[in-house]
Structures are given as C-alpha cells and as structure tokens.
Amino acid sequence: EKIKKILVPTPDGYRIPIDDLATVKVEDGASTIYREENSRYIAIKFSVRGRDLGSTVDEAEAKVNSKVLLPPGYHLTWSGEFESQKRAQDRLLVIVPITIFCIFFILYLVFGSFKWAVLIMVNVAIARIGGVLALFLTGTNFSVSSGIGFLAAFGVSVQTGILMISYINHLRQEGKSVREATLEGAILRLRPILITGLVAVFGLLPAAFSHAIGSDSQRPLAIVVVGAMLGDLMMGLFLLPVLYEWFARPGDVLAAEEAKPILT
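Residues numbered from 1 in each chain as written. Predicted model: local features only at pLDDT ≥ 70, side-chain atom pairs only at ≥ 80, totals over all residues. Heavy atoms only, no water.

Student: Explain the packing of aromatic side chains to me, please; I cannot follow it from the model alone.
Tutor: The geometry of an aromatic ring pair is captured by the separation of the ring centres together with the interplanar angle, meaning the angle of the planes. Enumeration over the complete set of coordinates arrives at five aromatic pairs. With a centroid separation of 4.4 Å and 25° between ring planes, the pair formed by Tyr108 and Phe114 is classed as stacked. Classification of Tyr108 as partly exposed rests on a relative accessible area of 29%. Seen in terms of ring centroids, Trp116 and Tyr244 are 4.6 Å apart; in terms of plane orientation they differ by 10°. Their pairing is stacked. Residue Trp116 is found in helix H3 (residues 114–127), and its partner Tyr244 is found in helix H8 (residues 215–247); the two are separated by 128 residues along the sequence. Here the two residues Trp116 and Tyr244 agree in accessibility, since each one is buried. (Phe/Tyr/Trp six-rings, centres within 6.5 Å; stacked < 30°, edge-to-face > 60°. Buried < 20%, exposed > 50% of the residue type's maximum accessible area, 1.4 Å probe, protein only. Helix = DSSP H or I, 4+ residues; strand = E, 2+ residues; numbered from the N terminus.)

What follows is the structure, given as structure tokens:
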C-alpha cells in the first residue's frame with residue numbers, strides 16, 4: 001500500500017501516485033535480475049575436473065543444442081573461462097607463426113645460411129616432444145598456459161642449437177673435417193648446453209610440482225618448460241650433431257659475412 005502511494009513527478013510539474021500509472025501487486029519471481037549489454041541473462045555455471053575444458057564444453061554444447069529447445073527471443077552463450085581460452089587460442093594462432101618466422105629470420109642473419117637456420121628449427125620442433133610427454137605423464141591437459149610454455153621453451157632450444165652449430169662451424173673453419181668438427185663440438189659444448197638447460201629445469205621444478213592456491217595456471221607452463229628442456233638436452237646433444245653431419249657439405253656457408261670497412 002505504501003508503494004502505491006509513492007508520488008511520481010509528471011512533465012507538467014504535478015505529482016501523482018504510482019498506483020495511477022501501474023498495477024502494484026505481489027508475485028513470485030527472480031530475486032535478482034542480471035543484465036549485460038542491455039539484455040537480461042541467467043548464468044549457469046559448472047566446473048571441469050579430470051578432462052580438458054575445450055572438449056568438455058564442445059560435448060556439453062552438442063548435447064544442450066540437441067535436447068534443449070529455447071523459446072523465441074532466447075539464446076545460449078558459452079562464456080567465462082572457455083570464452084577466454086578461445087580468445088587466447090585465436091591470438092596464439094597469430095603469435096606462434098610470427099614468433100617462428102622471427103626466430104628463423106634472426107637465425108638466418110646469424111649464420112648467413114638457410115641450411116643452419118632450418119636445422120636449428122628442426123631441432124626446436126623435435127625437442128617439443130619432451131613437453132608433450134611431460135603433459136602426458138603428469139596427466140595435465142593442454143591449455144593456454146601450457147601453450148605459452150612451449151613458446152617460452154623456444155628461446156632456450158634456439159640458444160642450444162646456436163651454441164652447437166656455431167662452434168662446429170668454427171672448428172670446420174680451422175680446417176677440421178665434418179666428422180672431426182662434429183665429434184669435438186658435441187663433446188666441448190656439452191657443459192655449456194647442460195648448464196643452460198638445467199638452470200631452466202631446476203628453476204621451474206618447484207612450480208611444476210606445486211599444488212598450492214593459484215598453481216593451476218603456472219603449473220602447466222612449468223611442466224611444459226621442464227619437459228621441453230629435458231627433451232632439448234637429449235636432442236641437442238645427440239640428435240643435432242647427427243643431423244649436422246648428414247646435411248653438411250664441403251661448400252657450406254660457415255659464418256655470416258661481416259660488413260667490410262670502406263676506405264675513403
């Protein structure tokens with residue numbers, strides 16, 4: 001009754017009770033009405049355990065679309081963490097090719113040869129097996145965080161390849177054969193490559209085994225980097241010298257040409 005007597009101002013300056021403009025009555029309804037982008041919405045939330053988010057939402061979406069018939073004017077939107085994941089994946093589809101191209105271009109500038117740049121990129125690609133295997137052994141689903149972990153591991157893998165190939169090329173420039181340079185380079189570069197990889201591995205081991213609050217986002221990244229670094233150590237120390245000897249030829253470009261001074 002008090003609500004009916006609330007006075008509402010009119011354009012001509014008068015004030016009339018709200019009961020003259022609307023019907024006021026008590027009915028059962030929603031306790032809270034949510035709105036977003038000028039539309040009402042009802043949020044239905046659920047969490048995912050024991051499987052990856054993407055396949056779960058895809059299965060749920062297929063079942064809901066086949067069994068739920070919405071009245072006119074209603075529609076479903078799958079958002080939240082799933083929407084953020086899709087947006088991040090779309091960005092990764094752009095960032096990853098750009099990153100690979102930039103790394104390849106820099107490697108070409110360093111060595112002055114497409115062969116050595118391609119050889120290092122092949123080693124980088126094969127070394128990612130360690131990250132995939134680490135996800136499988138720990139039962140961790142692939143996510144945006146683990147995808148960023150693969151990108152982070154690119155840098156150390158490229159550095160490993162540069163250390164190995166540049167030193168082997170240096171030995172060949174001194175007159176050693178391909179076999180001699182490869183064997184000596186693999187042995188002498190063992191310690192710096194191990195130090196480079198193990199620093200990253202030991203530094204991220206606590207995060208890889210962490211189960212504290214907030215570790216859900218950092219643990220997949222750390223697991224991927226640790227696995228990729230261990231795989232990179234195996235590939236860089238054993239596979240890369242073998243690939244080098246297979247592809248090496250007598251007329252190879254062993255170093256990028258340096259700019260010559262101009263006398264005036």
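Alright, that's what it looks like, and here's the rest.
Student: Which parts of the structure should I look at to understand the environment of Ile18?
Tutor: Position of Ile18 relative to the elements: it lies in the loop between strand E2 (15–17) and strand E3 (34–36). Overall, the relative accessible area of 25% leaves Ile18 in the partly exposed class. Counting along the chain gives eleven residues from Ile18 to Leu7, while the straight-line C-alpha distance between them is 6.0 Å. What Ile18 contacts, discounting residues up to four positions off in sequence, is Ile3, Lys4, Ile6, Val8 and Val24. (Contact = heavy atoms within 4.5 Å.)

Student: Even after reading the chapter, I still don't get the side chain of Arg172, so can you show me in this structure?
Tutor: Mapped onto the elements, Arg172 comes out in helix H5 (residues 144–173). Ignoring anything within four residues of it in the chain, the contact list for Arg172 reads Trp116, Ser177, Val178, Ala181, Tyr244, Ala248, Arg249, Pro250, Asp252 and Leu254.

Student: Teacher, can you tell me more about the side chain of Arg219 here?
Tutor: Here Arg219 lies in helix H8. Its relative accessible area of 18% is what places Arg219 among the buried residues. Setting aside chain neighbours within four positions, we find Arg219 in contact with Ala207, Ala208, Ser210 and His211.

Student: For this particular structure, what's the right way to read the packing of helix H2 (residues 81–111) against H3?
Tutor: Between two packed helices, what matters for the description is the angle formed by their axes and the separation of those axes. One way to put it is that H2 packs onto H3 with a least axis distance of 8 Å and a crossing angle of 135°. Looking at the two axes, H2 sits oblique to H3. Pair H2 / H3 crosses with right-handed handedness. Across the interface between the two elements, Ile100, Ile103, Phe104, Leu107, Tyr108 and Phe111 from H2 touch Phe114, Trp116, Ala117, Val118, Ile120 and Met121 from H3. Of the residues contributing to the contact of H2 with H3, the split by class is twelve nonpolar, no polar and no charged. (Axes fitted to C-alpha atoms, helices over the stretch in contact; angles between N-to-C directions. Parallel < 35°, antiparallel > 145°, perpendicular 65-115°, else oblique. Left-handed = near helix turned anticlockwise from the far one by under 90°. Nonpolar A, V, L, I, M, F, W, Y, C, P; charged D, E, K, R; others polar.)

Student: Please clarify how a nonpolar patch on the surface should be interpreted in this entry.
Tutor: Residues Phe101, Phe105, Ile106, Leu109 and Val110 make up a contiguous nonpolar surface patch of roughly 510 Å² in combined accessible area. Residue position: Phe105 is located in helix H2. (Patch = residues over 30% accessible without salt bridge, like charges linked within 9 Å, V, L, I, M, F, W, Y side chains within 5 Å. Areas by Shrake-Rupley, 256 points an atom, 1.4 Å probe, with all protein chains shown as cover. Salt bridge = Lys/Arg side-chain N within 4 Å of Asp/Glu carboxyl O.)

Take it as geometry only, folks, not as evidence of what the structure does.
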